[in-house]
Amino acid sequence: MPMCLLTGTAPLRDWVLAKPFNITSTPHPIIILPLALAHMPPSLDHCTPLNTPVRRRLQTMAVAWHCSSFVVFTLFNLMLWANPLGWLLAIPYLIYFFRDKSPANGGVVKRYSPWFRSWRIWSWYCHYFPISLHRSIELEPTFSKVGEPTGPRYIFGYHPHGIGALGAFGAIATEGCGWSRLFPGVPVSLMTLVNQFHIPLYRDYLLALGITSVSRKNALRVLHYNQSICIVVGGARESLLTQPIDTEHKRIEIILHKRKGFIKLALETGNVALVPTFAFGEIDTYSILRSAEGSKLHKVQMWLKTHIGFTIPVFYARGLFNYDFGLLPYRKPIAVVTGRPVHIPERVHAPADDVVNHYHKRYIDELKRVYYDNRELYGFSDVEMDIVG
């Protein structure tokens, strides 16, 4: 017997894609999903059965936590301030919050917690999709077994962005896929938007996972402390290009041609290796309502990107107790594959454009090799990778 939070759960995808509706021409595309729910006939065919194994429920719980954690922390902060007794904790913490600059000055290195990164919940998270981590070649450790820095630092470039870089979180920001087993002596910090560190308590949660803000100053400091970093190179613009692979769409669009800031970071630091990393399946975890360039929705998304620093496409997938609509990702395999390092041995002050372009080309060539050498293995044999910007 199934259980479900929604009473109307006929396949939403069929409703949304039905003619004559067109998301690129509707004057108010943001109201589509609520309208769809209102017009769907009641059905229990797409709800989770009661006999779903406990391990799968735990996996779903872990993913639901990740997708909603920033909301939970925000609500908890509001509740803390709403209760005068909570001020006894909130006021001292707020003083610390404004004084501590760890998300911006490389302080994540001191806050990085291997213990927290190894919690069981992160294994549940990775098994949900499942996410797997693979290496093209063994990387030289940054630290020796006695903790002395002896090898290079690494900048892992993660592609594609997808909706939320879900594979990057599971494979790189946690030990859910056994990062330290595959890359011993290579501690790494996943970098994300600085906006997320404006939420009290949530920022401390991110720092414990080794996640830090993606600013130039902060990246240089983290590398200076001999900690590697991972940057989702395509950013918000690439997320708008996300489109799942199907019979009509057989290409993955990457933003990379003009993304050279991470190359300059490596050159200005020295003894750094660039490691292209491709996540097969990242773009298949959500269904996307892609806006046409020039449409009202696209203009709103670009305005958000310009003025707030990030934007996302209109997306949906499944719910907590139903399979056809919600904000939880689909259970689609994600294979995160790291490439061969492009080593930059010496520090270069104010690198010239031709030097930057040289290493940028080598990085792109290695990213293409990672993709085309592995695409058949992970079910993408007839899918092309296009660098479109």
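What counts, and where the lines are drawn
- Residues numbered from 1 in each chain as written.
- Predicted model: local features only at pLDDT ≥ 70, side-chain atom pairs only at ≥ 80, totals over all residues.
- Heavy atoms only, no water.
- Helix = DSSP H or I, 4+ residues; strand = E, 2+ residues; numbered from the N terminus.
- Buried < 20%, exposed > 50% of the residue type's maximum accessible area, 1.4 Å probe, protein only.
- Contact = heavy atoms within 4.5 Å.
- Areas by Shrake-Rupley, 256 points an atom, 1.4 Å probe, with all protein chains shown as cover.
- Polar contact = N/O pair within 3.5 Å; in protein donor to acceptor, adjacent residues only side chain to side chain.
- Pairing = 2+ DSSP bridges.
- Expected span 1.5 Å × (residues − 1).
- Bend = angle between axes of the 7 residues up to and from the residue.
- Arc of directions from axis to C-beta.
- Salt bridge = Lys/Arg side-chain N within 4 Å of Asp/Glu carboxyl O.

Draft legend 1. View of the overall build of the chain. Tallying secondary structure elements over the chain gives 15 helices and 14 strands in all. In the chain, which comprises 389 residues, the proportion classed as buried is 52%. When contacts within the chain are restricted to residue pairs at least 6 apart in sequence, long-range pairs at least 24 apart make up 78% of them. Accessible surface, the chain as shown: approximately 19,100 Å² in total, 61% of it carbon and sulfur.

Draft legend 2. Structural detail: the side chain of threonine 212. By the element assignment, threonine 212 lies in strand S6 (residues 212–213). Its relative accessible area of 0% is what places threonine 212 among the buried residues. Polar side-chain contacts of threonine 212 include one of 3.3 Å to the backbone oxygen of proline 103. Setting aside chain neighbours within four positions, we find threonine 212 in contact with Ser102, Pro103, Val108, Ser189, Leu190, Met191, Thr192, Phe197, Asn218 and Val222.

Draft legend 3. Quick peek at the pairing of strand S7 (residues 228–232). Among the five residues of S7, five are classified as buried, and the element is accordingly described as predominantly covered. By the alternation rule, side chains of S7 split into Ser228, Cys230 and Val232 and Ile229 and Ile231, which are all buried. As paired elements, strand S4 (residues 153–159) and S7 share four bridges and run parallel to each other. In the sheet register, glycine 157 faces S7, and the bridge partner there is isoleucine 231. Taken together, the three bridges between strand S5 (residues 188–192) and S7 define a ladder with parallel strand orientation. Counted as the bridge partner of leucine 190 is cysteine 230 from S7.

Draft legend 4. Local environment of helix H3 (residues 54–82). The terminal C-alpha atoms of H3, which comprises 29 residues, lie only 36 Å apart, well short of the 42 Å expected from a rise of 1.5 Å per residue. The largest bend in H3 is about 60 degrees, located at serine 68. Among the residues of H3, those classed as buried are Gln59, Thr60, Ala62, Val63, Ala64, His66, Ser69, Phe73, Asn77 and Leu80. Contacts from the buried residues of H3 go to helix H4 (87–99), helix H7 (120–128), helix H8 (166–172) and helix H10 (202–208).

Draft legend 5. Broad picture of H4. Its 13 residues give H4 an end-to-end C-alpha distance of 18 Å, which sits within 8% of 18 Å, the value for a rise of 1.5 Å per residue. Every buried residue of H4 is accounted for by Ala90, Tyr93 and Phe97. Buried residues of H4, viewed axially, fall in a sector of 75 degrees; they line one side. Facing away from the buried surface of H4 by more than 90 degrees, the exposed residues are Leu88, Ile95 and Arg99. Summarising the contacts, the buried residues of H4 are in contact with H3 and H10.

Draft legend 6. Just the pattern of salt bridges, in detail. For the structure shown, the criterion picks out 12 salt bridges. Residue aspartate 204 pairs with arginine 111 through a salt bridge whose shortest N-O separation is 2.5 Å. Here aspartate 204, found in helix H10, pairs with arginine 111, found in helix H5 (residues 108–111); they are 93 residues apart in sequence, far enough to count as distant. Among the salt bridges present, the one from arginine 251 reaches aspartate 386, with a minimum N-O distance of 3.0 Å. Note that arginine 251 is positioned in strand S8 (residues 251–254) and aspartate 386 in strand S14 (residues 384–387), a separation of 135 residues in sequence. Looking at arginine 251, the relative accessible area reads 33%, which means it is partly exposed. Through salt bridges with shared partners, a single ionic network connects Asp100, Arg111, Arg203 and Asp204.

Draft legend 7. Here's a closer look at the pairing of strand S12 (residues 334–338). Along S12, five of the five residues are buried, which leaves the element largely enclosed by surrounding structure. Alternating positions in S12 separate into two faces, Ile334, Val336 and Thr338 on one and Ala335 and Val337 on the other, with burial throughout.

Draft legend 8. Quick look at the environment of threonine 192. Note on placement: threonine 192 falls in strand S5. Residue class for threonine 192 comes out buried when judged on its relative accessible area of 18%. Put simply, threonine 192 and isoleucine 231 are 39 residues apart on the chain and 7.6 Å apart in space, counted from C-alpha to C-alpha. Dropping the residues within four chain positions of it, threonine 192 is found in contact with Phe197, Ile211, Thr212, Ser213 and Val214. In terms of polar contacts, threonine 192 uses its side chain to reach the side chain of glutamine 196, at 2.7 Å.

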